[in-house]
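This is what each chain is made of:
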Amino acid sequence: MQGTIGFIGAGAMAEAMISGMLGTGLVSSGQIMASDPSPGRLQLLHDRYGIVTTAANDQVVTESSTVVLAVKPQILREVVEALCGTWRQEQLVISIAAGITLTDLEAWLPPGTPVIRTVPNTPCLVGEGATVLSMGSAAVEHHRVLAETIFGAVGIALTMPEQYLDAVTGLSGSGPAYIYLVIEALADAGVRVGLPRDVGLMLAVQTVVGAAKMVKNTGGHPAQLKDMVTSPGGTTIAGLHVLERGGLRGLLMDAVMTARDRAVELRGKT
Ligand SMILES: NC(=O)c1ccc[n+]([C@@H]2O[C@H](COP(=O)([O-])OP(=O)(O)OC[C@H]3O[C@@H](n4cnc5c(N)ncnc54)[C@H](OP(=O)(O)O)[C@@H]3O)[C@@H](O)[C@H]2O)c1
């Protein structure tokens with residue numbers, strides 16, 4: 001990839017993206033720069049990845065062709081507006097800040113700045129993220145391709161209109177926590193039926209990974225894959241019966257809807 005990518009805010013998500021991009025060979029360490037107020041954090045990222053680091057956000061803006069805004073949402077406006085006069089119009093600005101809309105970003109940046117808003121999730125930290133991107137009014141096709149390439153280095157990336165982003169937050173943004181709960185419950189269930197806890201957890205994790213890969217790699221419909229392992233009068237249908245009676249499907253749907261509604265509510269307060 002050509003150009004340089006600068007991160008304003010060098011926390012967990014920035015590191016996940018830096019690590020992913022370097023791991024796939026998308027960019028070299030000399031093409032990445034990051035700024036952060038913590039000297040220890042900057043030293044660590046420099047030592048670990050060989051990237052250029054600085055305490056000065058304006059240096060990142062001046063020296064990068066693409067800038068990723070990776071600070072907490074509460075301070076984003078202050079950080080962006082403090083850099084007024086430094087932004088260049090040909091620069092792509094990508095925000096990963098939860099709940100900050102394209103309208104906000106475009107109002108805080110100079111008119112005409114190409115902006116892309118994203119909703120990534122924590123599995124980006126292990127290269128298995130799910131990120132949805134929305135393009136601002138000045139962003140064009142090559143910006144989309146660039147942003148999808150960057151987030152594609154840490155998982156899957158797709159572009160959708162911004163109106164979907166609250167729904168995305170409710171599903172893939174909050175979704176890892178739902179699955180952690182399922183994994184923990186399955187491990188507890190293993191203990192309940194007499195397995196050592198470490199074995200229960202190991203089996204629960206691998207079962208979730210395996211089932212997800214079956215859906216992803218075979219392209220089979222989940223219902224078809226379920227039917228394949230459900231023999232008449234067998235053990236699996238007995239277990240499924242309990243999950244259906246308990247309303248697992250409805251509960252998961254309610255969880256996604258409620259998280260989506262909460263995203264809307266929180267956005268209203270920013
Ligand atoms: N983590 C996730 O799973 C996730 C998922 C989706 C979206 N996001 C979004 O990603 C963004 C970053 O989240 P994160 O989890 O990476 O948070 P984080 O680990 O706290 O990283 C934010 C970094 O920004 C630094 N910072 C604070 N003030 C700054 C300033 N004025 N200029 C430059 N850097 C500054 C912080 O330093 P100090 O710690 O010293 O203050 C910290 O290192 C957030 O907007 C969040 O909504 C995160």
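Residues numbered from 1 in each chain as written. Predicted model: local features only at pLDDT ≥ 70, side-chain atom pairs only at ≥ 80, totals over all residues. Heavy atoms only, no water.

**Observations regarding the site of the ligand**
Here is the rule: A molecule or strand has a residue near it when one of that residue's heavy atoms lies within 4 Å. The term polar contact refers here to a pair of N or O atoms within 3.5 Å; inside protein, the definition further demands a hydrogen-donor-capable atom paired with an acceptor-capable atom, and it admits residues adjacent in sequence only when both atoms are side-chain atoms. A 1.4 Å probe and the Shrake-Rupley method give the accessible areas. Residues count as covered only by the protein chains that appear here. A run of H or I in DSSP counts as a helix once it spans at least four residues, and a run of E counts as a strand once it spans at least two, with each numbered from the N terminus. Throughout this entry, Asp, Glu, Lys and Arg are counted as charged residues, while Ala, Val, Leu, Ile, Met, Phe, Trp, Tyr, Cys and Pro are counted as nonpolar. The remaining residues, Gly among them, count as polar.
Surveying the vicinity of the ligand reveals 20 residues, the closest of which are Ala12, Met13, Asp36, Val71 and Thr122. A distance of 2.6 Å separates an oxygen atom of the ligand from a polar atom in the backbone of Val71. Measuring from an oxygen atom of the ligand, one finds a side-chain N or O atom of Lys72 at 3.3 Å. Burial of the ligand by the protein amounts to 70% of the accessible area it has alone, namely 890 Å². Of all elements in the fold, only helix H1 (12–23) and helix H4 (73–81) reach the threshold of two or more residues within the shell around the ligand. Residue contributions to the shell around the ligand peak at three residues, all from H4. Of the residues contributing to the shell around the ligand, the split by class is 14 nonpolar, four polar and two charged.

**Topic: the domain arrangement of the chain**
Let me state the cut-off plainly: For each domain, the first and last residues come from an automatic or database assignment. Note on definitions: buried area is the accessible-area loss of two parts on being combined, 1.4 Å probe, summed for both. The working definition used for a salt bridge is a side-chain nitrogen of Lys or Arg within 4 Å of a carboxyl oxygen of Asp or Glu.
Domain annotation of the chain identifies domain 1 (5–165) and domain 2 (173–269). Taken over C-alpha atoms, the centre of domain 1 sits 32 Å from the centre of domain 2. The junction of domain 1 with domain 2 conceals about 390 Å² of combined surface from both sides, 61% of it contributed by carbon and sulfur atoms. The interface formed by domain 1 and domain 2 holds zero salt bridges in total. Class assignment for the residues of the side of domain 1 that touches domain 2 results in one nonpolar, four polar and one charged.

**Brief notes about the sheet that holds strand E2 (residues 32–35)**
As a general point, the strands of a sheet are linked pairwise by backbone hydrogen bonds and lie either parallel or antiparallel. Our working rule: Only strands that DSSP links by at least two bridges are regarded as paired with each other. Every angle, taken between N-to-C directions, lies between 0 and 180 degrees, and every axis is a line fitted to C-alpha atoms, over only the stretch in contact when it is a helix. Throughout, a contact is declared for two residues whenever any of their heavy atoms are within 4.5 Å.
Strand order in the open sheet made by the eight strands is E3-E2-E1-E4-E5-E6-E7-E8, with mixed pairing throughout. Only two strands of the sheet have a single neighbouring strand rather than two, namely strand E3 (52–54) and strand E8 (155–159). Going from strand to strand, the sheet's axes swing by 20 degrees on average, the running direction of each strand aside. Inspection of the sheet shows strand E6 (residues 115–119) paired to strand E7 (residues 129–135) by four bridges, in the antiparallel sense. Each bridged residue has a counterpart across the sheet, and for Val119 the counterpart in E7 is Val132. Contacts between helix H2 (residues 39–49) and the sheet are confined to E2 and E3, with E3 contributing the most and set at about 175 degrees to the helix.

**Points about the pairing of strand E5 (residues 92–95)**
Quick reminder of the rule: Whether a residue is buried, partly exposed or exposed follows from its accessible area with a 1.4 Å probe, protein chains only, as a fraction of its type maximum: under 20%, in between, or over 50%, in that order. When the strands point away from the viewer and the path from the first strand over the helix to the second turns clockwise, the crossover is right-handed.
Residues of E5 alternate between two faces, with Leu92 and Ile94 on one and Val93 and Ser95 on the opposite face, all of them buried. Across four bridges, the pairing between strand E4 (residues 66–69) and E5 is parallel. Residue pairing in the sheet places Val67 in a bridge with Val93 of E5. Handedness of the crossover is the feature at issue here: the chain leaves E4, passes through H4, returns alongside E5, and the resulting connection is right-handed.

**Considering the environment of Thr53**
When you line up the elements, Thr53 lands in strand E3. Not counting residues within four places of it along the chain, the set of residues in contact with Thr53 comprises Ala34, Leu42, Leu45 and His46.

**Topic: a nonpolar patch on the surface**
In plain terms, the rule: Residues enter a patch when their relative accessible area is above 30% and they make no salt bridge; the linking distance is 9 Å between like charges and 5 Å between nonpolar side chains (Val, Leu, Ile, Met, Phe, Trp, Tyr).
Nonpolar side chains collect at one region of the surface, where Ile179, Val182 and Leu186 lie side by side and expose about 220 Å² of accessible area between them. Residue position: Val182 is located in helix H8 (residues 175–192).

**What about the side chain of Asn121?**
Of note, Asn121 is situated in the loop between E6 and E7. Asn121 gets classed as buried once you look at its relative accessible area, which sits at 8%. Here Ala130 takes part through its backbone nitrogen, which lies 2.9 Å from a polar atom of the side chain of Asn121. In terms of polar contacts, Asn121 uses its side chain to reach the backbone carbonyl oxygen of Ser172, at 3.0 Å. Asn121 has contacts with Met13, Gly129, Ala130, Ser172, Gly173 and Pro176, leaving out every residue within four places of it along the chain.

**Brief notes about the pairing of E2**
Each regular strand carries side chains that alternate between the two faces of the sheet. Neither face of E2 is exposed, since Ile32 and Ala34 on one face and Met33 and Ser35 on the opposite face are all buried. The sheet contact formed by strand E1 (residues 5–8) and E2 spans four bridges and is parallel. Bridge pairing in E2 places Ile8 opposite Ser35. At this point the chain moves from E1, through H1, to the parallel E2, and the crossover so formed is right-handed. Bridge count for E2 against E3 is three bridges, and the pairing is parallel. Note on E3: the bridge partner recorded for Ser35 is Thr54. Chirality of the crossover, the property in question, places the unit of E2, H2 and E3 among those that are right-handed.

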